[in-house]
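# Coordinates in review
Below, each chain spelled out in residue letters.
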4 protein chains.
Amino acid sequence: MNRFGRIFRVELFGESHGKEVGAIIDGCPAGIPLAPEDFEADLARRRSGGAGTTPRREYDIPRIVSGVYRGRSSGSPICVSFSNGDTVPGDYERFADVPRPGHADFTSRVKYGGYSDPHGSGHFSGRITVGLVAAGVVAKKILAGADFSTSIVSAGGQSDVGAAVEAAAAAEDSVGAVVETRVRGLPAGLGEPFFDACESLVAHAVFAVPGIRGVEFGDGFRAAAMRGSQHNDPFVDASGKTARNGSGGVNGGITNGNELVVRAAVKPTSSIAAPQSTFDFQRGEMTQLVIGGRHDACIALRSAVVIEAAIAIALADLSLAAAATAPRPL
Amino acid sequence: MNRFGRIFRVELFGESHGKEVGAIIDGCPAGIPLAPEDFEADLARRRSGGAGTTPRREYDIPRIVSGVYRGRSSGSPICVSFSNGDTVPGDYERFADVPRPGHADFTSRVKYGGYSDPHGSGHFSGRITVGLVAAGVVAKKILAGADFSTSIVSAGGQSDVGAAVEAAAAAEDSVGAVVETRVRGLPAGLGEPFFDACESLVAHAVFAVPGIRGVEFGDGFRAAAMRGSQHNDPFVDASGKTARNGSGGVNGGITNGNELVVRAAVKPTSSIAAPQSTFDFQRGEMTQLVIGGRHDACIALRSAVVIEAAIAIALADLSLAAAATAPRPL
Amino acid sequence: MNRFGRIFRVELFGESHGKEVGAIIDGCPAGIPLAPEDFEADLARRRSGGAGTTPRREYDIPRIVSGVYRGRSSGSPICVSFSNGDTVPGDYERFADVPRPGHADFTSRVKYGGYSDPHGSGHFSGRITVGLVAAGVVAKKILAGADFSTSIVSAGGQSDVGAAVEAAAAAEDSVGAVVETRVRGLPAGLGEPFFDACESLVAHAVFAVPGIRGVEFGDGFRAAAMRGSQHNDPFVDASGKTARNGSGGVNGGITNGNELVVRAAVKPTSSIAAPQSTFDFQRGEMTQLVIGGRHDACIALRSAVVIEAAIAIALADLSLAAAATAPRPL
Amino acid sequence: MNRFGRIFRVELFGESHGKEVGAIIDGCPAGIPLAPEDFEADLARRRSGGAGTTPRREYDIPRIVSGVYRGRSSGSPICVSFSNGDTVPGDYERFADVPRPGHADFTSRVKYGGYSDPHGSGHFSGRITVGLVAAGVVAKKILAGADFSTSIVSAGGQSDVGAAVEAAAAAEDSVGAVVETRVRGLPAGLGEPFFDACESLVAHAVFAVPGIRGVEFGDGFRAAAMRGSQHNDPFVDASGKTARNGSGGVNGGITNGNELVVRAAVKPTSSIAAPQSTFDFQRGEMTQLVIGGRHDACIALRSAVVIEAAIAIALADLSLAAAATAPRPL
């Protein structure tokens, strides 16, 4: 089960070593300009991730299969697909018995009865997030006027991210990071109390990104250590601006027009070069496991744009839903 | 828009000072024993919240309106309703122009065009969570074998929660807290990669609880400061037990049979006795606001069981969904 | 599982002999005038059904539990509830073993394992449609400008409906009928091709009404006997009017601005006074069954307004969805 | 908006003259054998449609893009895609101003603001049903033990279908038909009262097939002309068999284990060779329109298998939902 959204709806498909991966994006209003070039910037951010990321060449050329006519969304479902090119066969089948720590080898076997595709982690692979990034590009087009800004605010607990990643790579290890997304220019009025709270939908989407351990808004976990007199964040002018935006742009589940501030904790890359212990379920004993190939020292470098895309998807859906139920002052 | 769940579905209704608040719970299998007494323990936890909470007497007697026959779920939608008894009228309408910091006074006006019920915060009130707790009771019945344990692990940054709350109350202030829920006895196999990840659905439900600023699983935000070699959490025996459960019971969006560990950051109560600044939208200037009545010094004391209920609701839905799509080894 | 709608959402609850029956209506825009009196006309149509219907006095006084403030929808879920008053106990439990022909006695036992409430047919009762009618009233308010007209165009194959019903009643029998609803003033543009076709959603809702055997649009089943040259229905003026509206107001799943024309086949009332054969599952043999009490000779008289309500609910949802995804000619 | 299903979910994509058309099928249990050959029989039925159908060669070779591993469903979304090969360019753009009777030229322009792809009717084309047929093949695999049988029971009001189609073709005209699907071997217990009634979901799916004017179950519209004593259909043995299956296999929205009997009225093909009148919206006057190319004399010949697929999709979803909420006799 692999879809998100009530009106702006995204469904991901594909496996790491399959033919293609991609996304179906439904509920996009007609008339929105959309060209293959529009995907390039975000795909490039996902591909490179900056220093410390794997040089693996992925096939990241979007193919708009449907839903676009003469350069604009036509109102029918948009299918964007990516061919899987340089898949390197590996002995992934052994991971069914000797699961890699931090991966889904064990849970996918339980869940799918041994029928899931193990190659390159199959449908669990980070490769599938290329479709999520593509859907995020469309989502941002719907959110005309909103400005997204995403950065890595710390890695390994340090603000010098580059140094933390290099040190981890040098140690044949990996390192976690905190990704922060800020969205400026959102209107007030997106979201509703309880189950369609802005935070609920945004967190839902962000936790769909592999490797997320936590999501917070505004003051986040720091709010738990604060007094009300510190945390309360009064409005200070007629535009609805608040003093310090400690709520991260949301009150009562509804955006208040201030900057939306979301932070996500990204775990260290699970695959590392150093040998690791794990249980061998066939032999019934602990064993040492070495995972070959090249590994990202810090997946957050690449998942930053994926997180941003997830947030955009949730906001696009909230935006269309808000249009549907706008008040009717008869 | 106020419902949650694909199979086990919960919809909340009511306003703080309206006639009734409650929940409709649909998709509950028939045959599950359910009596009004079953709700009492969790309702009592929500009501009292221990020391530091408001002595306000709420009407917390559940009325099972439908869906139960001869003490068991009948398969039709379960409606549980609670009368609103001792509502005290107050001058809530002024908050439309002079919004209380941290409340939804401003956003509800924007969202609903001034038509929402302001009394006692209307549908935004914590009162509505009584229906959420009721739905959680039903959810836990579906999750036979799962054992929930919820505690407040810190308040105001201190592990001595009682002291922190008392100090805040003495200062006419309030204080935030971290609530941790542990669920033992969940089967492996709940959840799916991407948008139906266990974390996605659990976080979605938890952020529906008023006042949540962050949600994390297992190592949570600490994972962002860790190396992969520390964070990776190997399986250590044939049952699927991991060494230290740093992933909080989930790999690849799917429960792995270890304890599910969820923490939520709860903000300090927004209503405090001390005077606060806010903007007067009618006069166009800053003003001082005093919010009368008695206030909880730490809403986390009462929202702990609400968070637990939200988690149970998400897990019940995941559990029924897993039954629907169990592998078919033909 | 008992809800309908993507944006305008309706969920029904209650059992025939339970405490209350009603509906939760979510996704209704704020600001729409709504008073208990607004429900009266449609409830009266459902109650009386004109000549030939049971004189049973039902408690049809709507109680607006939530979602309305100062006479207008507030944006939060609307709960409308009806007390069950004059329920007459009967020996309904024997029907578990000796199922009434045409009723759900057998299927409810299979489906719900014997846990469903049998009294007055429980959640399968026509009584539950009172909530559906209430939801239809709200739906029509959303469809400002649309004019609904519903009539019984035949009963027992005759156009003189009154005579057919009286003859059936005199024979201790019942009779089926065709109900036709026409909706004038709908805008063009509601619905989408394939699964959100206007016909798909309307038929979905109408078949939720108990006792429906068929649903057709425009020429309906007569179209199957026509030539294309007869059936094709050209546009004849700039407003989009067609020559004879054979498509019933829909092309390609989307309303075309002409009158929506829906007909539903309603079966004869299953409960009749005359003795009937059925299988006694306990004794393993055929038996004679007499169903006591008073029976409607033609349920279509009462279900006409229920069908109209179902159509209105589907159209309200389509209308809000169309607002959400209106083209964006940037 | 173009998806169907709560657990077994189908989403269609593509345009007639676009690159590809296809379906994403999510919620399919893992372990089900699935090979490209499995699609061939139903695709052939759709392609040929028997006598009277267009000889146009469509590219009907299914490409399983994802979701199948080593010949079995893997649990991840199944994408099945078909290349569009022999598209013939035509002057479809004029239909925006001069809409073809019976087509969606007018409504698509209103709905999508002129941005939809007009070529070959774009996303409104019958070509898109190839994905629906593919999804139906998967659905039937889930419904192990169910046996589908679909036939055309009349065309142009005659039981000699071949003669009716030939006569229409000879007259440069087209003809409508009634398609009947019977499903044997379904278990009792699929569906629920009200909005998830078996008839509601089946009719929803069938009306998604282009050109459907009516859907009926069992006695269908004939029930409206019957007395209760005729129509009521007693159980006659311990298996739950009824005397004549007048309800078409459903009581109270739930399958009763008898054959499911569904009939659909299919309109005559809208495109005919003979000249037709229509309104020219640019010139503001009536005009004569000749639609070139070859046309099916009776689309029902080809849509029969599409209707069967739609029914299978609805039943597969009902089947998985029933597994999720099976009674729990604790």
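Residues numbered from 1 in each chain as written. Chains lettered and ligands numbered in written order. Predicted model: local features only at pLDDT ≥ 70, side-chain atom pairs only at ≥ 80, totals over all residues. Heavy atoms only, no water.

## Quick word on the overall build of chain A
- Helix and strand counts for chain A come out as seven helices and 15 strands.
- Expected size for 330 residues packed as a compact globule is a radius of gyration near 20 Å; at 21 Å, chain A falls within 12% of this value.
- Expressed as lengths along the three principal axes of its C-alpha atoms, the size of chain A is roughly 70 × 55 × 35 Å.
- Split into buried and exposed, the 330 residues of chain A put 67% on the buried side.
- Partitioning the contacts of chain A with sequence separation of at least 6, the portion at a separation of at least 24 is 72%.
- By element, 51% of the accessible surface of chain A is carried by carbon and sulfur atoms, the whole surface being about 9900 Å². (Helix = DSSP H or I, 4+ residues; strand = E, 2+ residues; numbered from the N terminus. Rg over C-alpha atoms; globule rule 2.2 N^0.38 Å. Buried < 20%, exposed > 50% of the residue type's maximum accessible area, 1.4 Å probe, protein only. Contact = heavy atoms within 4.5 Å. Areas by Shrake-Rupley, 256 points an atom, 1.4 Å probe, with all protein chains shown as cover.)

## Some points on the relation of the copies chain C and chain D
- Mapping chain C onto chain D leaves a residual RMSD of 0.0 Å; the transformation is a rotation of 180° accompanied by 0.0 Å of translation along its axis. The transformation relating the two chain copies, once decomposed into turn and shift, fits a two-fold axis.
- The residues that chain C uses at the interface reappear at the interface of chain D in 100% of cases, marking a shared surface. (Least-squares fit on C-alpha atoms with pLDDT ≥ 70 in both.)

## Quick look at the pattern of salt bridges
- Following the criterion strictly, the structure yields 97 salt bridges over all chains and no others.
- Between D219(B) and R244(B) there is a salt bridge, and its shortest N-O distance comes to 2.7 Å. Here D219(B) is found in the loop between β10 (212-217) and α6 (228-231), whereas its partner R244(B) is found in the loop between α6 and β11 (250-251), with 25 residues between them in sequence.
- For D219(B), a relative accessible area of 6% translates into the label buried.
- Across the pair E40(C) and R47(C) runs a salt bridge, and its minimum N-O distance is 3.1 Å.
- The partly exposed category is assigned to E40(C), whose relative accessible area is 36%.
- In the salt-bridge network here, residues are joined through shared partners; they are E180(A), R182(A), R184(A), E216(A), E259(A) and R263(A). (Salt bridge = Lys/Arg side-chain N within 4 Å of Asp/Glu carboxyl O.)

## Focus: the packing of aromatic side chains
- The full count for this structure, using the stated rule, is 34 aromatic pairs over all chains.
- Note on F207(C) and F217(D): the rings are 5.2 Å apart at their centroids and 90° apart in plane angle, and the pair reads as edge-to-face. Taken together, the positions of F207(C) in helix α5 (residues 198-207) and F217(D) in strand β10 (residues 212-217) put the pair across two chains.
- When its relative accessible area of 3% is taken as the criterion, F207(C) is described as buried.
- Over the ring of F148(A) we find K140(A), and its NZ or CZ is 5.6 Å from the ring centre.
- The lysine or arginine in question, R109(D), covers the ring of F281(D), its NZ or CZ lying 5.3 Å from the ring centre. (Phe/Tyr/Trp six-rings, centres within 6.5 Å; stacked < 30°, edge-to-face > 60°. Lys NZ or Arg CZ within 6 Å of the ring centre and 35° of its normal.)

## Let's talk about the relation of the copies chain B and chain D
- Rotating chain B by 180° and moving it 0.0 Å along the rotation axis overlays it on chain D with an RMSD of 0.0 Å.
- In this assembly, 100% of the residues forming the interface of chain B have copies in chain D that are likewise at the interface, indicating an isologous arrangement.

## A few points about the side chain of T150(D)
All names here are of chain D.
- Counting through the fold element by element, T150 comes out in strand β8 (residues 147-155).
- Separated by 2.5 Å, the side chains of T150 and E308 make a polar contact.
- Not counting residues within four places of it along the chain, the set of residues in contact with T150 comprises R45, V179, E180, T181, A304 and E308. (Polar contact = N/O pair within 3.5 Å; in protein donor to acceptor, adjacent residues only side chain to side chain.)

## Observations concerning the interface of chain B and chain D
- Across the boundary between the two partners, chain B contributes 19 residues, which contact 19 residues of chain D.
- Counting each side, the surface lost to burial between chain B and chain D is near 1600 Å², with a carbon and sulfur contribution of 55%.
- Our count for the chain B to chain D interface comes out at zero salt bridges.
- On inspection of chain B and its partner chain D, the count reaches four residue pairs in polar contact (both at pLDDT 80 or more). (Buried area = accessible area lost by both parts, 1.4 Å probe.)

## A closer look at the pairing of strand β2 (residues 9-14) of chain B
Residues and elements named next belong to chain B.
- With six of six residues buried, β2 lies mostly within the body of the structure.
- What you see with β2 is no split at all: R9, E11 and F13 on one side and V10, L12 and G14 on the other are buried throughout.
- Here strand β1 (residues 3-4) runs beside β2; their pairing, made up of two bridges, is antiparallel. Of the residues in β2, the one forming a bridge with R3 is E11.
- Count of turn residues in the β1/β2 antiparallel hairpin: four residues, of which G5 carries a positive phi of about 105°. (Pairing = 2+ DSSP bridges.)

## Section: the environment of V138(C)
All names here are of chain C.
- Turning to its location among the elements, V138 is positioned in helix α3 (residues 129-142).
- Taking relative accessible area as the criterion, V138 reaches 1% and is therefore assigned buried.
- For the pair V138 and A309, spaced 171 residues apart in sequence, the C-alpha separation works out to 9.2 Å.

## Details of the sheet that holds strand β2 (residues 9-14) of chain D
Residues and elements named next belong to chain D.
- On the basis of which strands lie adjacent, the open sheet formed by five strands has the order β1-β2-β3-β7-β4 and antiparallel pairing. Looking at strand neighbours, the two that pair on one side only are β1 (3-4) and β4 (63-66), the edges of this open sheet.
- Here three bridges tie β4 to strand β7 (residues 78-83), and the two strands are oriented antiparallel to one another. Pairing of I64 across the sheet is with V80, part of β7.

## Topic: unusual backbone geometry
- With phi around 55°, N245(B) is a residue other than glycine that occupies positive phi space.
- Its location among the elements puts N245(B) in the loop between α6 and β11.
- The class for N245(B) is buried, based on a relative accessible area of 14%.
- A positive phi angle, close to 65°, is found at F194(D), a residue other than glycine.
- Relative to the helices and strands, F194(D) is located in the loop between β9 (177-184) and α5 (198-207).

## Brief notes about the packing of helix α7 (residues 300-324) of chain B against helix α7 (residues 300-324) of chain D
- At a closest axis distance of 7 Å, the pairing of α7(B) and α7(D) adopts a crossing angle of 125°. Between α7(B) and α7(D), the angle falls in the class oblique. For α7(B) against α7(D), the interelement crossing comes out right-handed. Contacts between α7(B) and α7(D) pair L320(B), A323(B) and A324(B) from the former with L320(D), A323(D) and A324(D) from the latter.
- Looking at side-chain class alone, the contact of α7(B) with α7(D) contains six nonpolar, no polar and no charged residues. (Axes fitted to C-alpha atoms, helices over the stretch in contact; angles between N-to-C directions. Parallel < 35°, antiparallel > 145°, perpendicular 65-115°, else oblique. Left-handed = near helix turned anticlockwise from the far one by under 90°. Nonpolar A, V, L, I, M, F, W, Y, C, P; charged D, E, K, R; others polar.)

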